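# Structure at a glance
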Amino acid sequence: MYRKNAWKKYENDYSPVMSFAKDYIDFLSYGKTERLVVKESVELLNKAGFKDASKVKSVKPGDKLYFVNKNKNLCIFVLGKRPLLDGLRILGAHIDSPRMDFKERPFYEKNEFALADTHYYGGIKKYQWVTIPLALHGVVCKKDGSVIDVNIGEDPSDPVFGITDLLIHLSADQMQKTLAKGIEGEDLDVTIGNIPLKGEKEDAVKANVFKLLKDKYGVEEEDFLSAEIEVVPAGPARDYGLDRSMVAGYGHDDRCCAYTSLRAILEVKDVEFTSCCILVDKEEIGSVGATGAESLFFENTIAKLLELCGEKDVLYKARLVLENSKMLSSDVSAALDPLYAGVSDPKNNAYFANGIVINKYTGARGKSGSNDANPEYYAFIRKAFDEANVHWQNSELGKVDQGGGGTIAYILGNYNMNVIDAGIPVLNMHAPMEIISKVDLFEAYKAYIAFLKA
Ligand code: MN
Ligand code: MN
């Protein structure tokens, strides 16, 4: 169903859409970091009978298993009836989201405040991240091999954190600056505390913070060198709009596509081609590094899977498997915002409630960096979605010369694989509070199932 309002399909009963969104809200509210998304995904997989691949000796059609990479990246399979060399059906989403990370040496004291210095991660409009409640999530890794989990600001009884901004009364100079310069990266410092440690003369507030960290977590200042503390918006995702048609939350990009992809692979069985769902880290900083889409983890994992099938010469065959595969790069699209419609080409832009969005290409300045899918493959996807009565639409990222962006599509395209972007439209993309439509979420889930079975 091309470019029609999807709510109409459910006008006799909205409950399947609403209850799916409720499960998603719980998933998003907990999954504030890539590590937490991996953790809760593994719980869902175990509950559904998927096996941890590290404990599996061989596989046969119908088997369900997953590979975890360094606690931040996940690859899931449902074995099909056909041999792996006939190719996979792959859903790929990223589970990292824009945020601020603690620097290696974050803490300092100034004017009797203890503060923590951050370096932002991914593309953010910095002025959006001040004067909102923030939570701290992550790990501190100690030299003795222990890993301390940090999670402060989500429980209603927890304190929250924040970044201050200048009062309007004294902002004459600041208000003359551009949006890009009004709040600068080096000023995204989190307020940590204000009580001085008893008997301490110098930097007594900072000393008190270290005492609290020592008492509660057993960590010293130096342990933060080997830590990963992510500063993210505090509090749960929730319904948005009087009609509860939408969800407001942090990290829809790209956890809404990750969740729907995960739910789709949890659902399928007796598939012809092996189903795969890969959830990657680091997309927001260019897909680089060990747990990002550029990592050889995926290729190595296919080789390991071939080995579990009893195949020889698996590294070469892994590449053939990938070449013969079809993929939906499940990443979000920019929805048309009625307040800023001028940046979009209205006939080639995604609309809320019109279903999952196909982006034939992304990129910027003349499709640069884009995968630009083959039309033959696009036709295959149109057929799969239409036959499953899924609502879908097409989009590109704004007007030509307005800007642009990318996804992981081109990276898998490098295997000579057919890849096309297909995901959920988002408003406020990369803001602390992003918005999606519940019916688009549900249509994406349906579309991903249809694709895995196609
Ligand atoms: Mn994304
Ligand atoms: Mn993004």
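Residues numbered from 1 in each chain as written. Chains lettered and ligands numbered in written order. Predicted model: local features only at pLDDT ≥ 70, side-chain atom pairs only at ≥ 80, totals over all residues. Heavy atoms only, no water.

## Regarding the coordination of the manganese ion (ligand 2)
Counted only if it meets this: Each metal's donors comprise the N, O and S atoms found within 2.8 Å of it (within 3.2 Å for Na, K or Ca). Water is not part of the atom list, so some coordination spheres may appear incomplete. Strands here mean DSSP runs of E at least two residues long; helices mean DSSP runs of H or I at least four residues long; both are numbered from the N terminus. Whether a residue is buried, partly exposed or exposed follows from its accessible area with a 1.4 Å probe, protein chains only, as a fraction of its type maximum: under 20%, in between, or over 50%, in that order.
Note on the manganese ion (ligand 2): its protein donors are D253 (OD), E284 (OE), E284 (OE) and H430 (NE2). The metal-donor distances range over 2.1 to 2.6 Å. In this model, the manganese ion (ligand 2) sits 3.4 Å from the manganese ion (ligand 1), the two metals being bridged by D253. Within this pair, whereas D253 is found in helix α5 (residues 252-267), its partner E284 is found in the loop between β13 (274-280) and α6 (297-308), the two being separated by 31 residues in sequence. Pair check on accessibility: D253 and E284 agree, each one buried.

## Concerning the sheet that holds strand β11 (residues 238-240)
Short version of the rule: Two strands pair if DSSP finds at least two bridges between them. Pairs of residues are marked as contacts when any of their non-hydrogen atoms sit within 4.5 Å. Note on definitions: angles span 0 to 180 degrees between N-to-C directions of axes, and those axes are lines fitted to C-alpha atoms, for helices only across the stretch in contact.
Across the sheet, which stays open at both edges, the 5 strands sit in the order β11-β12-β22-β21-β15 with mixed pairing between neighbours. Each edge of the open sheet carries a strand with a single partner, namely β11 and β15 (333-334). As defined by bridge partners, β11 adjoins strand β12 (residues 246-249) across 3 bridges and the pair is classed as antiparallel. For D239, the partnering residue across the bridge sits in β12 and is V247. Its contacts with the sheet place α5 against β12 and β22 (434-437), and it is angled at close to 30 degrees to β22.

## Thoughts on the packing of helix α2 (residues 34-47) against α5
Inclusion rule: Between 65 and 115 degrees an angle is taken as roughly perpendicular, under 35 as roughly parallel, over 145 as roughly antiparallel, and anywhere else as oblique. Working rule for handedness: look at the near helix, and if it is turned counterclockwise from the far one by less than a right angle, call the crossing left-handed; if clockwise, right-handed. Put simply, Ala, Val, Leu, Ile, Met, Phe, Trp, Tyr, Cys and Pro go in the nonpolar bin, Asp, Glu, Lys and Arg in the charged bin, and everything else, Gly too, in the polar bin.
Relative orientation of the contacting elements α2 and α5 amounts to 15 degrees, with a least axis distance of 11 Å. What the angle tells us is that α2 and α5 run roughly parallel. Like other packed secondary-structure pairs, α2 and α5 cross with a definite hand, here right-handed. In this structure, α2 contributes E34, V37, S41, L44 and L45 to the contact, and α5 contributes R255, Y259, L262 and L266. Taken together, the residues of the contact of α2 with α5 sort by class into 6 nonpolar, 1 polar and 2 charged.

## Quick look at the coordination of the manganese ion (ligand 1)
Protein-derived ligands of the manganese ion (ligand 1) are H94 (NE2), D253 (OD), D331 (OD) and D331 (OD), with the metal-ligand distances lying across 2.2 to 2.6 Å. Mapped onto the sequence, the donors of the manganese ion (ligand 1) take the spacing H-x158-D-x77-D.

## Structural notes on the packing of helix α1 (residues 15-30) against helix α10 (residues 438-453)
Packing of α1 against α10 leaves a shortest axis separation of 9 Å and a crossing angle of 90 degrees. By the criterion of interaxial angle, the relationship of α1 to α10 is roughly perpendicular. In this structure, α1 contributes P16, V17, M18, F20, A21 and Y24 to the contact, and α10 contributes K438, V439, L441, F442 and Y445. Considering only residue class, the contact of α1 with α10 consists of 10 nonpolar, no polar and 1 charged.

## Some points on the sheet that holds strand β14 (residues 326-329)
The mixed open sheet is built from 9 strands, whose spatial order is β1-β2-β3-β13-β4-β14-β20-β16-β18. Edge positions in the sheet fall to β1 (51-52) and β18 (392-394), since each has one partner strand and no second. Strand direction decides the pairing type here: strand β4 (residues 88-94) and β13, joined by 7 bridges, are parallel. Each residue of the ladder has a partner; that of I90, found in β13, is C276. Each of β3 (73-78), β4, β13 and β20 (418-423) is contacted by α5, which is oriented at about 150 degrees to β4, the strand it contacts most. Relative to β14, helix α8 (residues 375-387) is tilted by about 75 degrees, and along the sheet it contacts β4, β14, β16 (356-359), β18 and β20.

## Structural notes on the domain arrangement of the protein
To keep things clear, this is the line we draw: An automatic or database domain assignment is the source of the domain bounds shown. The term buried area denotes the loss of accessible surface (1.4 Å probe radius) that occurs when two parts are joined, taken as the sum for both partners. For the purposes of these results, a polar contact is taken to be a pair of N or O atoms within 3.5 Å, where, inside protein, one atom must be able to donate a hydrogen and its partner to accept one; residues adjacent in sequence count only when each atom of the pair is a side-chain atom.
The assigned domain composition of the protein is domain 1 (6-97 + 250-453) and domain 2 (99-233). Placing a centre on the C-alpha atoms of domain 1 and another on those of domain 2 gives a separation of 33 Å. Contact residues are listed per partner, giving 17 residues for domain 1 and 15 residues for domain 2. Across the domain 1/domain 2 interface, buried area totals approximately 1300 Å², and carbon plus sulfur atoms make up 52% of it. Three residues stand out in domain 1 for area buried against domain 2, namely K32, Y250 and P432, and they jointly supply 36% of the buried area on that side. Linking domain 1 with domain 2 are 8 residue pairs in polar contact (both at pLDDT 80 or more), by the criterion used here.

## Topic: the side chain of N349
Mapped onto the elements, N349 comes out in the loop between β15 and β16. At 3.1 Å, the side chain of N349 and the side chain of S344 are in polar contact. Apart from the residues lying within four places of it in its own chain, the contact partners of N349 are R3, A334, A335, L336, S344, Q393, N394, S395, E396 and G398.

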